Amino acid sequence: MKRIEDYNLYLVLSSEYANERPVLDIARNALDAGVDILQMREKNIPEQGLIALGKGLLSLCREFNTPFIVNDDPYLARDLNADGLHLGQEDIKRYPLSNARKILGPDKIIGISTHSIEEFKQANSDDFNYIAFGPIFPTKTKDFFLGTDDIKEVLGIAIKPVIFIGGISLANIDFLFRKGVKNIAVIRAITESDNITTAVENLRNKISLYKAESRL
Ligand code: TZP
Ligand code: MG
């Protein structure tokens, strides 16, 4: 199984940004083209549908040896035997980290969304496996964005992988990587592209470039 270390391309999959295409097709193409980790983020699908979709995505992720993360719900993550869970700031009020770990068992990945330096610092001192920070750029998936000023501080204090998210695309990825960013998560840069394979390969190639540079 791939691990969340550094230089990841994290795909967050939402059918509302799939341009009417089946998310399982998008997932297969994206996994085949090399995304490192995949999250099911569905806000409007009833439970039975979520279970069915989750089973489909899990089996694809297993085929490609790629971690499968479920958004929002530790019970769903457990029932699907997903590799991990992603919690937002609202979710941790309902499921504090210790509860979520109890539900999932000790070996699963648990990540969290943060939207400010304060939230980041808190998450950094808690036992999360990774921290998402954003939205960095304007994105139609959120009604606010943070900008890029805090990236340096975040990277300076991080003691675990930080995954930057929000409005990230091929057009701004160089700017981020030159600031020291190593991991990015995207929805639309992959899910709304006409050619999923090319979209993933282009992002992957950029990441590989910076990864190689960092090792020189
Ligand atoms: N959290 C912060 S921004 C975001 C989430 C889930 C959505 C990012 O979507 P996109 O399409 O990559 O801007
Ligand atoms: Mg959530």
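Heads up: these notes are all about the structure in this document. Note that the coordinates shown come from a computational prediction; the quantities given were computed from them, not determined experimentally. (Residues numbered from 1 in each chain as written. Chains lettered and ligands numbered in written order. Predicted model: local features only at pLDDT ≥ 70, side-chain atom pairs only at ≥ 80, totals over all residues. Heavy atoms only, no water.)

As for the sheet that holds strand S5 (residues 109–114)
Strands belonging to one sheet form pairs held by backbone hydrogen bonds; the direction of such a pair is parallel or antiparallel.
Part 1: Strand order in the closed barrel made by the 8 strands is S1-S2-S3-S4-S5-S6-S7-S8, with parallel pairing throughout. Looking at each pair of strands side by side, their axes are set apart by 25° on average, direction ignored.
Part 2: Across the sheet, helix H1 (residues 23–33) lies against strand S1 (9–13) and strand S2 (37–40), angled at about 175° from S1, the strand it touches most. (Pairing = 2+ DSSP bridges. Helix = DSSP H or I, 4+ residues; strand = E, 2+ residues; numbered from the N terminus. Axes fitted to C-alpha atoms, helices over the stretch in contact; angles between N-to-C directions. Contact = heavy atoms within 4.5 Å.)

A closer look at the packing of aromatic side chains
Part 1: Under the defined criterion, the tally for this structure stands at 5 aromatic pairs.
Part 2: Centre to centre, the rings of Tyr75 and Tyr95 are 6.0 Å apart; their planes meet at 70°, and the pair counts as edge-to-face. Of the two residues, Tyr75 is situated in helix H3 (residues 74–80) and Tyr95 in the loop between helix H4 (91–94) and helix H5 (97–104); the sequence distance between them amounts to 20 residues.
Part 3: We classify Tyr95 as buried; its relative accessible area is 13%.
Part 4: Taking 6.0 Å as the distance between ring centres and 90° as the angle between the ring planes, the aromatic pair formed by Phe120 and Phe133 counts as edge-to-face. One end of the pair, Phe120, is in helix H6 (residues 117–125); the other, Phe133, is in strand S6 (residues 130–133), and 13 residues separate them in sequence. (Phe/Tyr/Trp six-rings, centres within 6.5 Å; stacked < 30°, edge-to-face > 60°. Buried < 20%, exposed > 50% of the residue type's maximum accessible area, 1.4 Å probe, protein only.)

Some thoughts on H5
Part 1: For H5, every residue scored as buried is listed here: Leu97, Ala100, Arg101, Ile103 and Leu104. Around the axis of H5, the buried residues are gathered within 160° of arc, so they sit on the same side.
Part 2: As for H5, its buried residues are in contact with H3, strand S4 (84–87) and S5.
Part 3: Among the residues trailing H5, Gly105 stands out with phi positive, at a value near 95°. (Arc of directions from axis to C-beta.)

What to know about unusual backbone geometry
Part 1: Between Gly134 and Pro135 the backbone carries a cis peptide bond, its omega angle lying at 0°.
Part 2: Structurally, the position occupied by Pro135 is in the loop between S6 and helix H7 (151–157).
Part 3: For Glu20, which is not a glycine, the phi torsion comes out positive at approximately 65°.
Part 4: Mapped onto the elements, Glu20 comes out in the loop between S1 and H1.
Part 5: Note on Glu20: relative accessible area 80%, which makes it exposed.

A few points about the side chain of Lys108
Part 1: Topologically, Lys108 is positioned in the loop between H5 and S5.
Part 2: No salt bridge is formed by the buried Lys108; its nearest oppositely charged neighbour, Asp83, is found at 5.0 Å.
Part 3: In this structure Lys108 touches Asn81, Ala82, Asp83, Gly84, Arg101 and Asn129, once residues within four positions along its chain are discounted. (Lys, Arg positive; Asp, Glu negative; His and termini not counted. Salt bridge = Lys/Arg side-chain N within 4 Å of Asp/Glu carboxyl O.)

Regarding the packing of H1 against helix H2 (residues 47–63)
Part 1: Axis separation between H1 and H2 bottoms out at 10 Å; the angle between their running directions is 15°. The orientation of H1 relative to H2 falls into the category roughly parallel. The hand of the H1/H2 crossing is right-handed. Facing H1, whose interface residues are Val23, Leu24, Ala27, Arg28 and Leu31, H2 presents Leu53, Gly56, Leu57, Leu60, Cys61 and Glu63. (Parallel < 35°, antiparallel > 145°, perpendicular 65-115°, else oblique. Left-handed = near helix turned anticlockwise from the far one by under 90°.)

Regarding the site of ligand 1
Part 1: Arg41, Pro135, Thr139, Thr141, Lys142, Ile165, Gly166, Gly167, Val186, Ile187 and Arg188 make up every residue found near ligand 1.
Part 2: In this structure, Arg188 approaches ligand 1 through a side-chain N or O atom, which is 2.6 Å from an oxygen atom.
Part 3: Surface burial for ligand 1 is 95%, taken as the share of its 370 Å² of free accessible area covered by protein chains.
Part 4: Placement of ligand 1 is best described as lying within the largest pocket. (Near = heavy atom within 4 Å. Polar contact = N/O pair within 3.5 Å; in protein donor to acceptor, adjacent residues only side chain to side chain. Areas by Shrake-Rupley, 256 points an atom, 1.4 Å probe, with all protein chains shown as cover. 1 Å grid on protein atoms, 1.4 Å probe; cavity = no way out; pocket = protein on both sides within 12 Å on 5 of 7 lines; lining within 4 Å. Sits in = over half its atoms within 2 Å of the grid points.)

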